[in-house]
Amino acid sequence: MGFLGYLHPMFDALAIGRWIAIYVLLLCLFLLVLLNRMYVLAALALATLVLVVANSRIAGDGEAGKIRVYTKNLWHRNVEITALAADIANANPDIVVLQEVSENNVALMSDLQSILPHQVRCPWQGWNGIAILSRWPLSNDATRCSPERSLMAVKVIGHDGPFWVVGVHLQQPWPDVQWAHLERALPVLSEVNGNAIVAGDFNTVPWSAAAKTIGHLTNAKVIPPRLTTFRLWGVGLPLDQVWALGGKAELRPMIGSDHYGVVADVWPSNPTARD
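Residues numbered from 1 in each chain as written. Predicted model: local features only at pLDDT ≥ 70, side-chain atom pairs only at ≥ 80, totals over all residues. Heavy atoms only, no water.

Quick notes on the sheet that holds strand β8 (residues 196-201)
Stage number 1. With mixed pairing, six strands are arranged side by side in an open sheet as β5-β6-β7-β8-β12-β9. Of all strands in the sheet, those with a lone pairing partner are β5 (138-145) and β9 (221-222), marking the two edges.
Stage number 2. Sheet analysis places strand β6 (residues 151-158) next to strand β7 (residues 161-169), joined by eight bridges and oriented antiparallel. Bridged to Lys155 within β7 is Trp164.
Stage number 3. Of the strands in this sheet, β5, β6 and β7 touch helix α6 (residues 178-190), which is tilted by about 15 degrees from β6.
Stage number 4. Strands in contact with helix α7 (residues 209-217) are β6, β7, β8 and β12 (240-244); relative to β12, the strand with the most contacts, it is inclined by about 25 degrees. (Pairing = 2+ DSSP bridges. Helix = DSSP H or I, 4+ residues; strand = E, 2+ residues; numbered from the N terminus. Contact = heavy atoms within 4.5 Å. Axes fitted to C-alpha atoms, helices over the stretch in contact; angles between N-to-C directions.)

A look at the side chain of Thr71
Stage number 1. Relative to the assigned elements, Thr71 resides in strand β1 (residues 67-73).
Stage number 2. Of note is the side chain of Thr71, whose polar atom sits 3.1 Å from the side chain of Gln99.
Stage number 3. A polar side-chain atom of Thr71 sits 3.4 Å from the main-chain amide nitrogen of Gly200.
Stage number 4. With residues near it in sequence (within four places) discarded, Thr71 still touches Val97, Gln99, Ala199, Gly200, Gln241, Val242, Gly261 and Val262. (Polar contact = N/O pair within 3.5 Å; in protein donor to acceptor, adjacent residues only side chain to side chain.)

A look at the packing of aromatic side chains
Stage number 1. Applying the stated criterion to the full structure yields two aromatic pairs.
Stage number 2. Ring centres of Trp136 and Phe163 lie 6.1 Å apart, and the angle between their planes is 85 degrees; this geometry places the pair in the edge-to-face category. Here the residue Trp136 occupies a position in the loop between β4 (129-134) and β5, and Phe163 occupies one in strand β7, the gap between them amounting to 27 residues. (Phe/Tyr/Trp six-rings, centres within 6.5 Å; stacked < 30°, edge-to-face > 60°.)

Regarding the packing of α6 against α7
Stage number 1. Two elements in contact, α6 and α7, have axes separated by 11 Å at closest approach and are oriented at 5 degrees. With respect to α7, the axis of α6 lies roughly parallel. For the pair α6 and α7, the contacting residues are Gln178, Trp179, Leu182, Leu186 and Leu189 in the first and Ala209, Ala210, Thr213, Ile214 and Leu217 in the second.
Stage number 2. In the contact of α6 with α7, the residues fall into eight nonpolar, two polar and no charged. (Parallel < 35°, antiparallel > 145°, perpendicular 65-115°, else oblique. Nonpolar A, V, L, I, M, F, W, Y, C, P; charged D, E, K, R; others polar.)

Quick look at the pattern of salt bridges
Stage number 1. Going through the model one piece at a time under the given rule, you end up with seven salt bridges.
Stage number 2. In this structure, Asp87 engages Arg252 in a salt bridge whose closest nitrogen and oxygen atoms are separated by 2.9 Å. Note that Asp87 is positioned in helix α4 (residues 81-91) and Arg252 in strand β13 (residues 246-252), a separation of 165 residues in sequence.
Stage number 3. Residue Arg252 is classed as buried on the basis of its relative accessible area, which comes to 16%. (Salt bridge = Lys/Arg side-chain N within 4 Å of Asp/Glu carboxyl O. Buried < 20%, exposed > 50% of the residue type's maximum accessible area, 1.4 Å probe, protein only.)

A few points about the state of the cysteines
Stage number 1. Scanning all chains against the criterion turns up one disulfide.
Stage number 2. Covalently, Cys122 is tied to Cys145 through a disulfide, its sulfur atoms 1.8 Å apart. On the sign convention where negative is left-handed, the bridge of Cys122 and Cys145, at about -75 degrees about the S-S bond, is left-handed. Here Cys122 is found in strand β3 (residues 118-122), whereas its partner Cys145 is found in strand β5, with 23 residues between them in sequence.
Stage number 3. Look at Cys145 and you get partly exposed, because its relative accessible area is 41%. (Disulfide = S-S within 2.5 Å.)

What follows is the structure, encoded as structure tokens:
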């Protein structure tokens, strides 16, 4: 059912637990055949379970690209701004994508002005804004904000030519309004007509239909390895992601937030090259 997210948002919500369901089913299969003394089948079931667990936790590795992106859900009440600014500066990113930029933490943008002087923000309701900060200049006429909190896009004039950065902060999955807001935000992606990097808090897993829709429209793939950035009832979820043509990602600390940050060295994707 978790593979049917394109048919109804309820199925996309179920996709979050896909790996857990696979674990449970394989474990039950192992115990069933073991109790029936079907030792060869039990060994195969156990080996499959080990491989699935390893794949879901590691999910490959990538080759580092030349543009460094730092994405972070700040948490709108975060007060550890000085420490977070120091961590971002130590990571030495070219691009920073921030979510839940509020009046409580917006000072972070000023603190980073010296190293990331080109900044733009979509505020929406005031506590859940998305901001994009860049080492390189931004195109003055190419900033796009979705009607509600979902997506923002800005064109960066990089050393090797322009590219788009798409900041993401989707609503929570069904029964919340994630898909409805995403559908109204898709015109933002339709204007991304050059190389692109996508980053942010997707509030869903990278194998969901919602995330894959954004990836398809930007011709991007999630940057490995799969990283646990948020815990829901003790279950680790890779909600914060970077999507591009290729690259390599690593975790950054929480620092006053309920989300880990992610840093990725990436190569931008090219939507016009999509089949």
